[in-house]
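Structure assessment
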Amino acid sequence: MDITAFTLSSLQKGYQTKQFSVTEIVSEYLKRIESFDKKINSFITIDSENALKKAKDLDNKKADGPLFGIPFGIKDMFLTKGVRTTAASRLLENYIPAYTSTAITRIEASGAISLGKLNHDAWAHGSSGENSDFGNTLNPWNNEYVPGGSSSGSAAAVAAGFVPFATGTDTGGSIRLPASFTNTVGLKPTYGRVSRYGVIAMASSLDSIGHFTKNVEDSARVLEITQGIDGFDATVSEKRHETFDSLKNGIKGMKIGIPKEFVSDGLSSDVKSVFEESIKTLERLGAKIEEVSLPHTEYGIATYYIIQPSEVSSNLARYDGVRFGNDRSTFGKEAKRRIMLGTYTLSSGYYDAYYKKAMQIRTLVKDDFDKAFESVDILVSPVSPTPPWKFGEKANNPLEMYLSDALTVTINLAGVPGLALPAGFSTNSLPIGIQFIGPHFSEHTLFRTGYAFEQETKMYERNPNL
Amino acid sequence: MKIDVKKVARLSNLTLSENEKKEFEEQLSSVLGYIEKLNTLDTSGIEPTAQVTGLINRTREDEKTGDCLTQEEALLSAISKTKNLFKVPKLVDTTE
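Every value quoted in this text rests on a predicted model; they were computed, and no experiment measured them.

Conventions used here
- Residues numbered from 1 in each chain as written.
- Chains lettered and ligands numbered in written order.
- Predicted model: local features only at pLDDT ≥ 70, side-chain atom pairs only at ≥ 80, totals over all residues.
- Heavy atoms only, no water.
- 1 Å grid on protein atoms, 1.4 Å probe; cavity = no way out; pocket = protein on both sides within 12 Å on 5 of 7 lines; lining within 4 Å.
- Points joined across faces, edges and corners; volume = space filled by probe spheres on them.
- Nonpolar A, V, L, I, M, F, W, Y, C, P; charged D, E, K, R; others polar.
- Helix = DSSP H or I, 4+ residues; strand = E, 2+ residues; numbered from the N terminus.
- Polar contact = N/O pair within 3.5 Å; in protein donor to acceptor, adjacent residues only side chain to side chain.
- Contact = heavy atoms within 4.5 Å.
- Salt bridge = Lys/Arg side-chain N within 4 Å of Asp/Glu carboxyl O.
- Buried < 20%, exposed > 50% of the residue type's maximum accessible area, 1.4 Å probe, protein only.
- Buried area = accessible area lost by both parts, 1.4 Å probe.
- Axes fitted to C-alpha atoms, helices over the stretch in contact; angles between N-to-C directions.
- Parallel < 35°, antiparallel > 145°, perpendicular 65-115°, else oblique.

1. Overview of the layout of surface pockets
Residues and elements named next belong to chain A. Each pocket or cavity is described by its volume, and for the largest pocket that value is around 510 Å³. Taken together, 26 residues form the lining of the largest pocket, with Leu79, Tyr95, Tyr99, Arg318 and Phe324 sitting closest to its centre. Here the lining of the largest pocket is composed, by residue class, of 17 nonpolar, 4 polar and 5 charged.

2. Let's talk about the side chain of A:Thr182
Residues and elements named next belong to chain A. For threonine 182, the position within the fold is in helix H6 (residues 176-182). Reaching out from threonine 182, the side chain makes a polar contact with the backbone oxygen of proline 178 at a distance of 2.7 Å. Here the side chain of threonine 182 touches threonine 184 through a polar contact of 2.9 Å, side chain to side chain. Dropping the residues within four chain positions of it, threonine 182 is found in contact with Asn139, Pro140, Trp141, Pro147, Ala155, Ala156, Ala159 and Pro431.

3. Some words on the pattern of salt bridges
All names here are of chain A. Taken as a whole and judged by the stated rule, the model has 24 salt bridges over all chains. For lysine 390, the salt bridge goes to glutamate 144, with nearest N and O atoms at 3.7 Å. Placement of the pair is lysine 390 in the loop between strand E9 (378-382) and helix H13 (398-403) and glutamate 144 in the loop between strand E3 (113-118) and helix H5 (152-159), with a sequence separation of 246 residues. Taking relative accessible area as the criterion, lysine 390 reaches 35% and is therefore assigned partly exposed. Where arginine 323 meets aspartate 320, a salt bridge forms, and the shortest distance between an N and an O atom there is 3.9 Å.

4. Looking at empty space enclosed by the protein
All names here are of chain A. Counting across every chain of the model gives 3 cavities of 30 Å³ or more. Computed from the structure, the largest cavity encloses a volume of approximately 70 Å³. Together, 13 residues line the largest cavity, and Ala124, Gly126, Ser174, Tyr304 and Asp405 are the ones closest to its centre. Put simply, the second largest cavity is a space of about 50 Å³. In terms of lining residues, the second largest cavity is bounded by Ala159, Thr182, Asn183, Thr184, Lys214, Tyr460, Arg462, Asn463 and Pro464.

5. Examining the interface of chain B and chain A
A common way to state how big an interface is: give the accessible area lost once the parts meet. Taken residue by residue, the interface counts 50 residues in chain B and 60 residues in chain A. Here chain B meets chain A over a buried area of about 4,700 Å², counting both sides, of which 68% is carbon and sulfur. Here chain B and chain A share 5 salt bridges between them. Taking the shortest distance from any N to any O, the salt bridge between B:Glu23 and A:Lys333 comes out at 2.8 Å. Along the contact surface separating chain B from chain A lie 19 residue pairs in polar contact (both at pLDDT 80 or more). Taken together, the elements giving at least two residues each to the side of chain B that touches chain A come down to helix H1 (5-11), helix H2 (18-35) and helix H3 (71-75) of chain B. Per element, the largest residue contribution to the side of chain B that touches chain A is 10 residues, and it comes from H2(B). Each residue belonging to the side of chain B that touches chain A can be placed in one class, and the counts come to 29 nonpolar, 12 polar and 9 charged.

6. Some points on the packing of helix H7 (residues 216-226) of chain A against helix H15 (residues 443-457) of chain A
Residue and element names in this part refer to chain A. One way to put it is that H7 packs onto H15 with a least axis distance of 9 Å and a crossing angle of 155°. As judged from the angle between their axes, H7 and H15 are roughly antiparallel. Contact residues: H7 offers Val216, Glu217, Ser219, Ala220 and Leu223, while H15 offers Glu443, Phe447, Gly450, Tyr451 and Glu454. Split by residue class, the contact of H7 with H15 holds 5 nonpolar, 2 polar and 3 charged.

So, in structure tokens, the structure goes:
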């Protein structure tokens, strides 16, 4: 049985026609993890015992529920009752949550089975996965290269065929960047579409709860489960619960904009050629491509690196070692840097010059997107200016690492949704993705475009050799 | 832009090693230097954006919404506890 080819729908079809049992499937995935994850290091905690027990229970039930019997992995930022949740930090290495996050509760109530908790940059701080206190996650496509961060383990686990889908969080690119580096589909939903309840907070005005899948159809199916109000997160919008049945309607006549500031300079030749090829594909599918301008793009990183660390410093203030966790000396270096930076920019006398100024520029960034969406339906751009880089290349230079998020952070500042999906490979066979960006709550359009694109390119059929 | 690492560490309730102090001073100053580019943009009269959902004043009836954590559950991960309570470091110095 080749489990790497499974999608959510092919697994469900198999269950309905009794081709295999849930126990067989869960065991196969666990076996694959056992064989290859010692090297890849995508899991922090493997939960075989619970997974097999749940599989056995499901085998005695009728195969229904939208995610019946689907194994999945959880970024270790999501609280799971009774299962250790670390934020990939030594500070929480022994933390056992007393409740489960809304997204996970919903996914499990739909019949999915967690195989365990996935590695990432500690506290979701990073673009490469190298900030984890539990070791680097390797890129399954080439172990010398980073898988992208912060959701490094989620991306690597889906790419490696350890799970058919995994959850992630995206505050400045933490889902889209690793998706782009691993040939997987990564969704950062609209801010306020999915409840953040029970997810360890990073920067509260930016955090979005999303997921990784092999293909776009699966991504839509998972969002159908996780979206909508739960009564525990006041930023979740009330009326936004939809099914994504327009997926296969095609994109004939759709207006797609290329933000010229995203492609003007600084793109590596590999990324440039994959992107140009993708534009041709979209044109072939009937989309109308035009150039648009997001003039404040160049201020994105600077704005983000005020707002995000400020909110980080506030959110991480709760870790005092009293109610849970070890004391503050167990924070890793990157968390300390961001706490310091945020404390500084919020400190007396500096607030107006930094935080307020950044929030004003955030208005300009958001206005740019609003204006662009007056003339086009969605935007398309590369996710990262470069293909995956080698371990260590940027690790000692925080500013250089921060700049790798240049094409993802403004999307979080504006709160709009972004869908990253596989688009091609570099000359040395590393994955390169593109992202579709739409107005608030336009996920249906992103899925429709992504589906049409992937039917044409079929990148999801390509898997790494482990 | 130079950052007073010692002062900011104290405000952040972080204890830094001498090496970290040196390293952070350099790294954070370079990040702050980069951020300076925002000053080239005139933002006078522009409303700040704190959130993007447009939702305001979400309230609900002040009723019990579900089961609370039991005392035992709430204390589950505390390193230091006594008589079913969190044990905290002494906050008020009474010797002065």
